Amino acid sequence: MTFSYFDYLIGNLILPVLCLAFISVPVFRLVQRTARQIARGEKPQLLGDYRMIILLLVMLAVGGIMISFLLRGGIHLVYERPRSAVSVEGTIEEIDRLNAFQNTRYIFNDENSNGYRYTVGGVTCTGIAKGTLNVGDMVTVTYLPKSGFILSISPQG
C-alpha cells in the first residue's frame, strides 16, 4: 500500500495551522479588548457574557486538538519531504487502530479511519490504512523518520 505524503501534509500540518490562525484572531481581539478596558479603569466585560465564555472555551479546545496534531508529527512535515524517507524490513509486531484524538481522519480505498499505528522491527510508525496486513506478517515499510508517517508498506514474498 502506498500512502500520499500530501494527505499527511494537509491533515497534520496545513489544516491545524490554518485552524490555529483562524482561532488566534478572535482570541487576540478578546485579549486586546479586555486590556483596553483594564487600562481605562473599567471592569472587563469578558466574563459578563456567558456566550463569550462558551466561545472562548470552544476555541481553546479546538486549539488544543490542533496543537496535538502538530505535536504528534505534523510539525516535522515543515522540513521533512518524501525524499528523506527511510525503509525498514521486519515483522509486524503490533497494529493499533487510532481514535479521533490520536490522529486525523483519512479515507483510503473506501476505508474511513483515523489510521493505524504499526510497530515493525522495533520502529513505531503511523499509516493511513491497514488493508490485509496482520501481526506477524513480514513487510517493508518506507516512512518519514521524524514524523513517523508511513509512505508505503508492502508485504515481503
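This text goes with the structure placed above it.
Okay, so let's go over this structure. Just so it is clear, the model here is predicted, and its values are computed rather than measured.

So, how was this worked out
Residues numbered from 1 in each chain as written. Predicted model: local features only at pLDDT ≥ 70, side-chain atom pairs only at ≥ 80, totals over all residues. Heavy atoms only, no water. Axes fitted to C-alpha atoms, helices over the stretch in contact; angles between N-to-C directions. Helix = DSSP H or I, 4+ residues; strand = E, 2+ residues; numbered from the N terminus. Parallel < 35°, antiparallel > 145°, perpendicular 65-115°, else oblique. Left-handed = near helix turned anticlockwise from the far one by under 90°. Nonpolar A, V, L, I, M, F, W, Y, C, P; charged D, E, K, R; others polar. Salt bridge = Lys/Arg side-chain N within 4 Å of Asp/Glu carboxyl O. Core = buried A, V, L, I, M, F, W, Y, C linked by side-chain atoms within 4.5 Å. Buried < 20%, exposed > 50% of the residue type's maximum accessible area, 1.4 Å probe, protein only. Contact = heavy atoms within 4.5 Å. Pairing = 2+ DSSP bridges. Expected span 1.5 Å × (residues − 1). Arc of directions from axis to C-beta. Patch = residues over 30% accessible without salt bridge, like charges linked within 9 Å, V, L, I, M, F, W, Y side chains within 5 Å. Areas by Shrake-Rupley, 256 points an atom, 1.4 Å probe, with all protein chains shown as cover. Phe/Tyr/Trp six-rings, centres within 6.5 Å; stacked < 30°, edge-to-face > 60°.

The subject of this paragraph is the packing of helix 1 (residues 5-39) against helix 2 (residues 50-71). Taken N-terminus to C-terminus, the directions of helix 1 and helix 2 make an angle of 150°; their axes are 9 Å apart at the nearest point. Taken together, helix 1 and helix 2 sit at an angle that is classed as roughly antiparallel. Where helix 1 crosses over helix 2, the two elements pack in a sense that is left-handed. Residue classes in the contact of helix 1 with helix 2 are distributed as 18 nonpolar, three polar and one charged.

Here the focus is the pattern of salt bridges. For the structure on display, the rule yields one salt bridge. The salt bridge partner of R40 is E42, with a shortest N-O separation of 3.3 Å.

Among the nonpolar cores identified, the biggest contains 26 residues, and Y8, L77, Y118, V141, I150 and I153 are the most heavily contacted of them. Those elements that provide at least two residues to this core are helix 1, strand 1 (86-97), strand 4 (116-120), strand 5 (123-127), strand 6 (138-143) and strand 7 (150-155). By residue number, the principal contributor to this core is helix 1, which donates four residues. If we ignore the near neighbours within four places in the chain, the residues touching L77 are Y5, Y8, L9, N12, L13, L144, S147 and F149.

The antiparallel open sheet is built from five strands, whose spatial order is 5-4-1-6-7. At either margin of the open sheet sits one strand with a lone partner, and together these are strand 5 and strand 7. On average, each strand axis in the sheet is tilted by 45° relative to the strand beside it, whichever way the strands run. One ladder, built from five bridges, connects strand 4 with strand 5; its direction is antiparallel. Counted as the bridge partner of R117 is T126 from strand 5.

This part covers helix 2. Look at helix 2: 31 Å from first C-alpha to last across 22 residues, which is about the 32 Å you get at 1.5 Å a residue. All of the buried residues in helix 2 are M52, M59, G63, M66, F69 and L70. Seen from one end, helix 2 has its buried residues packed into an arc of 110°, which puts them on one side. Facing away from the buried side of helix 2 by over 90 degrees, the exposed positions are Y50, L57, L60 and L71. For helix 2, the elements touching its buried residues are helix 1.

This part takes up a nonpolar patch on the surface. Nonpolar side chains collect at one region of the surface, where F6, I10, I14, L15 and L18 lie side by side and expose about 470 Å² of accessible area between them. With respect to the helices and strands, the residue I14 is situated in helix 1. According to the relative accessible area criterion, I14 is partly exposed, its value standing at 35%.

In this structure the tally under the stated criterion is two aromatic pairs. Summarising the aromatic geometry, the rings of Y5 and F6 are spaced 5.5 Å apart at their centres and angled 75° between planes, so their arrangement reads as edge-to-face. Under the relative-accessibility criterion, F6 is labelled exposed at 53%. Considering the side-chain rings of Y8 and F149, the 4.6 Å spacing of their centres and the 15° angle between planes classify their relative orientation as stacked. Here Y8 is found in helix 1, whereas its partner F149 is found in the loop between strand 6 and strand 7, with 141 residues between them in sequence.

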